[in-house]
Amino acid sequence: MRYKLTFVVGLALGYVLGTRAGRERYEQLKKSARQVAQNPAVRNTAETAAQQGRVYAGKAYHAVSDKVGERVPESMAQRVRSLRDRHPNGEVEDDWGTSNT
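Predicted model, so just to flag it, every value in this text is computed and none were measured. (Residues numbered from 1 in each chain as written. Predicted model: local features only at pLDDT ≥ 70, side-chain atom pairs only at ≥ 80, totals over all residues. Heavy atoms only, no water.)

(A) View of a nonpolar patch on the surface. A cluster of nonpolar side chains, contributed by F7, V8 and L11, occupies part of the molecular surface with about 330 Å² of accessible area. Within the fold, F7 resides in helix α1 (residues 2-37). For F7, a relative accessible area of 56% corresponds to the exposed category. (Patch = residues over 30% accessible without salt bridge, like charges linked within 9 Å, V, L, I, M, F, W, Y side chains within 5 Å. Areas by Shrake-Rupley, 256 points an atom, 1.4 Å probe, with all protein chains shown as cover. Salt bridge = Lys/Arg side-chain N within 4 Å of Asp/Glu carboxyl O. Helix = DSSP H or I, 4+ residues; strand = E, 2+ residues; numbered from the N terminus. Buried < 20%, exposed > 50% of the residue type's maximum accessible area, 1.4 Å probe, protein only.)

Structure (structure tokens):
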């Protein structure tokens, strides 16, 4: 019984000390991440990469739908056509809340 009690007390003490140190480190990491995310150079790079990703995804979508559209069931081909008609240039409106600058 003495060993179990010592183990439980040690576990509780380790938990309390670990959570304090863990919380402080977490707050430090959160502050650093916020500073990096608010850096204008990082924001511009991230937005540029997101915009390029959308453009390439649109091009890939059209390339695949043009080649595969003839070989899929009619119900699926109709869905692809409706998506193609909705976004004729492969450009999809930004629904992620980022600016397109």
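From this point on, the discussion continues.
(B) Layout of the pattern of salt bridges. Following the criterion strictly, the structure yields 1 salt bridge and no others. A salt bridge links E27 to K30; its shortest N-O distance comes to 3.9 Å. With E27 and K30 both in helix α1 and 3 residues apart, this pair spans about one turn of that helix. What makes E27 partly exposed here is its relative accessible area of 30%. In this structure K30 comes out as partly exposed when scored by relative accessible area, which is 33%.

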